Amino acid sequence: MTVIPFTEFKEKSKIIQANEIQIDLPFAPVQYYRHGWQSWSLAAWTNLTPLPVLKPAIFHTLQVNIEHVYKSHPNGSWLGAIQFADGNILLLGALTLDTHVSLINDVLHGRSDAEHGEWFISYGQENIVFEEYIKELEIRFQVVKKNIKPRVWCSWYSLYTMIDEDILYKIFDVLGDLPFDVLQVDDGWQKSIGDWEVNGKFPAGMQALAEKIKSTGRSAGLWLAPLIATKSSKLFREHPDWFLRNERGVFVTAGFNWGEYLFALDTTRPDVTAWLVALMKQVRAWGFDYLKLDFLYAGALKGKRYKDMPREAAYRESLRVMREAMGLDAFFLTCGTPIFPALGLCDAIRIGPDVSHEWEKHRDAVLLYNPSIPATRSAIRTSLNRFWLNPLLHVDPDVAYFELKGNLLAPEHKRLLQDLALICNFKATSDLPQWMTTEEREQLRAFLNLNPQIAQTGRYTFSIDNRVVDFTSTVALPVPPKGLTALWGKVLGWLGSQPFILRIFKGMDDNLLRKRRASL
Ligand code: 9PG
């Protein structure tokens, strides 16, 4: 254990090699910066009282770092920061993977699960401290930032899994001359999770789909989740030995989605690596140049791997393999990814949970206290709290909305999302062109053509071409429920962890989507 006194970094930031590190706080802390593990996990400045554990528990693996979910003290992945009464902050940030920071009884602890840990410690003005940290991360993770900012139409947030060849071809036509650079096909084209082959809804096949997109003068984008599979997939049935197990030989679950449990590939196995390489090459050969790889956290779960190595290092290695196979000329967006292991290996990273057609649901935000379930407010909150990553790579705050039909967001909330997209310079939408009024279409066109001057003026305040945008009220976390409300939350959390109930909800959602699809 290395103990660092305040005098050592008070004037000048410091870099320390240590597996465990401790810093006694010079003053009483006021706020703590929690940095969640993966894209969808909460990042936020919070007060020091414990946050409720998010519910339903069945989603923990898919939403947070499950190794730390039940800890009541403030903690986070790779870094932690404390703000004092005078406004200055103290940052303890790792420069190596498999590291975690916690605040316990006014002592800041850093711990590395890998053999070698390296830490950056700095005290002072928030923006300066983070700028210095960024410089060190840039070197350690060999970051090269591409200067491409594709404007993306993505199929997910309007049609979800109800995509098919007819509707997509139609949309691609109706998009007309709207200035998109990429048309990205999301979840719904594959046979099943694990079987990345075209399903019956796309009779002309994947190559034809990519051709169709390219014929409109744009790049073709594709979603896939290469590190997970469901038990019903051919991949799992044919290669159960490829999947991650724990010390007792039991399969590690990688969460629950699509009404099924998910399982994680052991990417340290040579046969799995070869399969991943072939998959990436296949997708490129079909003609897709923009790859959104999702549910990537599954590559970094705790388990007994073929090669004994720390879990985040193993995951990073799998990203390196996939990046090499797809080629540097592909645009690589990571999603549901542990943040640090992806630095330097992808072009863009999703930095928050999914947006939705609703601002915030009382059930999810307050009763379940879950900031990772899709909701526009949650997406804005975590994305802004990760905006400091922006100099390192292209940060993706998820899509913005323009259309009115089928959208419950108030105009000011849509505006906040659009402004966030401008600030991140990541412009994406899923709006259906055939549902847009001429006015909405022109608004979207103007947005895609904008190239404003952005300046950050405070933690959550920006100027966009001299227009002041203040997100402060958006990022606040809900007040934790008490008494009967908390009890009701517990009941809902339990119900929400029952697979049969989740399947019923999925059935209802699918019905609504089918109706939406039929109306097009
Ligand atoms: C496709 C989608 C879209 C989306 C991704 C990801 O917490 N959750 O239960 C949860 C489920 C799905 C999800 C995110 C979180 O969405 O972020 O853009 O590609 O997969 O299935």
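Calculation rules
- Per chain, residue numbering runs from 1 following the sequence as it is written.
- Restriction of local features to residues with pLDDT of at least 70 applies here, the model being predicted, together with a cutoff of 80 or more for giving and counting side-chain atom pairs; totals for whole chains, interfaces and linings are based on all residues.
- Only hydrogens and water are set aside when side-chain values are computed; all heavy atoms of the structure are taken into account.
- Runs of E in the DSSP output that reach at least two residues are strands. Runs of H or I that reach at least four are helices, and both are numbered from the N terminus.
- Relative accessibility under 20% of the residue-type maximum defines a buried residue, over 50% an exposed one, and the middle range a partly exposed one, all with a 1.4 Å probe and only protein chains included.
- Residue contacts follow a heavy-atom distance rule, with two residues in contact if any of their heavy atoms lie within 4.5 Å.
- Per-residue and other accessible areas follow the Shrake-Rupley method at a 1.4 Å probe size, with only the shown protein chains counted as cover for residues.
- Under this rule, positive means Lys or Arg and negative means Asp or Glu; His and the chain ends count for nothing.
- Taken as the charge location is NZ of Lys, CZ of Arg, CG of Asp or CD of Glu.
- Source of the domain bounds: an automatic or database domain assignment.
- Buried area: the sum, over both parts, of the accessible surface (1.4 Å probe) that disappears when the two are put together.
- For salt bridges, the criterion is a side-chain nitrogen of Lys or Arg within 4 Å of an Asp or Glu carboxyl oxygen.
- By convention, a stacked pair of Phe, Tyr or Trp rings (six-membered ring in the case of Trp) has centres within 6.5 Å and planes under 30 degrees apart, an edge-to-face pair has planes over 60 apart, and any other such pair is tilted.
- Angles here are taken between N-to-C directions and fall from 0 to 180 degrees, while the axes themselves are lines fitted to C-alpha atoms, restricted in helices to the stretch in contact.
- For classification purposes, angles smaller than 35 degrees are called roughly parallel, those larger than 145 roughly antiparallel, those between 65 and 115 roughly perpendicular, and all remaining angles oblique.
- Each crossing gets its hand from how the near helix is turned against the far one by less than a right angle, where anticlockwise is left-handed and clockwise is right-handed.
- All residues other than Ala, Val, Leu, Ile, Met, Phe, Trp, Tyr, Cys, Pro, Asp, Glu, Lys and Arg, Gly among them, are scored as polar; the first ten of these are nonpolar and the last four charged.
- Residues adjacent in sequence count toward polar contacts only when both atoms are side-chain atoms; beyond that, a polar contact is any pair of N or O atoms within 3.5 Å, and within protein one must be able to donate a hydrogen and the other to accept it.
- A patch consists of residues exposed above 30% relative accessible area that lack any salt bridge, with like charges linked at up to 9 Å and nonpolar side chains (Val, Leu, Ile, Met, Phe, Trp, Tyr) linked at up to 5 Å.
- Between any two strands, pairing holds if DSSP finds at least two bridges.

K.L.:
Is there a simple way to think about the overall build of the chain in this case?
P.N.:
Each helix and strand counted, the chain has 16 helices and 27 strands in total. Seen through its principal axes, the chain has C-alpha atoms that stretch 65 × 55 × 50 Å. Looking at the chain as a whole, 61% of its 520 residues are labelled buried. Within the chain, counting contacts between residues at least 6 apart in sequence, those at least 24 apart form 72% of the total. For the chain, the exposed area adds up to about 20800 Å²; of that, 54% sits on carbon and sulfur atoms. Taken together, the 58 basic and 58 acidic charged side chains of the chain have centroids lying 3 Å from each other.

K.L.:
Any chance you could explain the domain arrangement of the chain here in plain terms?
P.N.:
Frequently, the measure chosen for interface size is the accessible area that the parts lose on association. Here the domain parsing of the chain yields domain 1 (2-140), domain 2 (151-474) and domain 3 (483-518). Taking only C-alpha atoms into account, the centre of domain 2 sits 23 Å from that of domain 3. Facing 18 residues of domain 2, the contacting portion of domain 3 comprises 15 residues. Taking both sides of the interface into account, the surface hidden between domain 2 and domain 3 amounts to around 1400 Å²; carbon and sulfur atoms contribute 69%. Three residues, Met-162, Phe-256 and Leu-367, lead the burial of domain 2 against domain 3; their summed loss comes to 38% of the area buried on that side. At the boundary of domain 2 with domain 3, the tally comes to 1 salt bridge.

K.L.:
What is the right way to read the packing of aromatic side chains from this model?
P.N.:
Two aromatic rings, taken as a pair, are described by how far apart their centres are and by the angle between their planes. Considering all chains together, one arrives at 35 aromatic pairs under this definition. Centroid distance Phe-6 to Phe-27: 5.8 Å. Interplanar angle 75 degrees. Geometry classified as edge-to-face. Of this pair, Phe-6 sits in the loop between strand 1 (2-4) and strand 2 (14-17) while Phe-27 is found in the loop between strand 3 (20-24) and strand 4 (29-35), placing the two residues 21 residues apart along the sequence. Overall, the relative accessible area of 16% leaves Phe-6 in the buried class.

K.L.:
Just checking my understanding: could you explain the packing of helix 11 (residues 376-385) against helix 12 (residues 411-424) for this structure?
P.N.:
Each pair of packed helices can be summarised by the angle the axes make with each other and by the distance between the axes. Following both chains from N to C, one finds helix 11 and helix 12 inclined at 30 degrees, their axes separated by 11 Å at the closest point. Relative to helix 12, the element helix 11 lies roughly parallel. Note that helix 11 runs across helix 12; the crossing there is left-handed. Contacts between helix 11 and helix 12 involve Thr-376, Ile-380, Ser-383 and Leu-384 from the former and Leu-416, Leu-417 and Leu-420 from the latter. Looking at the contact of helix 11 with helix 12 residue by residue, the class counts come to 5 nonpolar, 2 polar and no charged.

K.L.:
Just checking my understanding: could you explain the side chain of Asp-187 for this structure?
P.N.:
In this fold, Asp-187 is placed in the loop between strand 13 (182-185) and strand 14 (190-192). No salt bridge is formed by the buried Asp-187; its nearest oppositely charged neighbour, Lys-201, is found at 7.9 Å. One polar contact links Asp-187 to Gln-190, side chain to side chain, over a distance of 2.8 Å. Here Asp-187 is in contact with Trp-156, Tyr-160, Thr-161, Ile-163, Trp-223 and Trp-258, once residues within four sequence places are set aside.

K.L.:
What should I look at first to understand the environment of Gln-31 in this one?
P.N.:
Its place among the elements puts Gln-31 in strand 4. In sequence terms Gln-31 and Thr-46 are 15 residues apart; their C-alpha atoms lie 5.5 Å from each other. Once residues within four sequence positions are removed from consideration, Gln-31 is found in contact with Trp-45, Thr-46, Leu-48, Ala-81, Ile-82, Gln-83 and Arg-459. There is a polar contact of 3.1 Å between the side chain of Gln-31 and the side chain of Arg-459.

K.L.:
Looking at this model, I keep getting lost on the packing of helix 7 (residues 270-286) against helix 8 (residues 311-326). Mind explaining?
P.N.:
Close contact between helix 7 and helix 8 brings their axes to 8 Å; oriented N to C, the two are set at 35 degrees. In the packing of helix 7 onto helix 8, the handedness of the crossing is right-handed. Here Thr-273, Leu-276, Val-277, Met-280, Lys-281 and Arg-284 of helix 7 come into contact with helix 8, specifically with Val-321, Met-322, Ala-325 and Met-326. Looking at side-chain class alone, the contact of helix 7 with helix 8 contains 7 nonpolar, 1 polar and 2 charged residues.

K.L.:
Explanation requested: a nonpolar patch on the surface in the structure shown.
P.N.:
Nonpolar side chains collect at one region of the surface, where Phe-500, Ile-504, Phe-505 and Met-508 lie side by side and expose about 420 Å² of accessible area between them. Along the chain, Met-508 falls in helix 16 (residues 499-518). Met-508 gets classed as partly exposed once you look at its relative accessible area, which sits at 45%.

K.L.:
Please clarify how unusual backbone geometry should be interpreted in this entry.
P.N.:
Glycine aside, residues mostly have negative phi, and peptide bonds are mostly found in the trans state. Look at the link from Lys-55 to Pro-56: it is a cis peptide, with omega at -10 degrees. Along the chain, Pro-56 turns up in the loop between strand 5 (43-46) and helix 1 (60-63). With a phi close to 60 degrees, Asp-98 is a non-glycine residue in the positive phi region. Examined against the element boundaries, Asp-98 turns out to sit in the loop between strand 8 (89-94) and strand 9 (99-104). A residue is classified by how much of its surface remains accessible, and Asp-98, at 6% relative accessible area, is buried. Unusually for a residue other than glycine, Asp-398 sits at a positive phi of about 80 degrees. One can find Asp-398 in the loop between strand 23 (394-396) and helix 12. On the basis of relative accessibility, which here comes to 5%, the residue Asp-398 falls in the buried class.

K.L.:
What's the story with the sheet that holds strand 1 in this structure? I'm lost.
P.N.:
Neighbouring strands of a sheet are bound in pairs by backbone hydrogen bonds; such pairs are parallel or else antiparallel. Spatially, 1-3-10-9-6 is the arrangement adopted by the 5 strands of the open sheet, whose pairing is mixed. One side of each edge strand has no neighbouring strand; the edge strands of this open sheet are strand 1 and strand 6 (75-77). Going across the sheet, the axis of each strand differs from the next one's by a mean of 15 degrees, ignoring polarity. In the sheet, strand 6 pairs with strand 9 via 3 bridges, with the strands oriented antiparallel. Following the sheet pairing, Ser-77 is matched in strand 9 by His-100.

K.L.:
Honestly, helix 11 in this entry has me stumped. Any pointers?
P.N.:
With 10 of 10 residues buried, helix 11 lies mostly within the body of the structure. Turning to helix 11, its buried residues are Thr-376, Arg-377, Ser-378, Ala-379, Ile-380, Arg-381, Thr-382, Ser-383, Leu-384 and Asn-385. Buried residues along helix 11 sit in contact with strand 4, strand 5, helix 12, strand 26 (461-464) and helix 14 (472-475).

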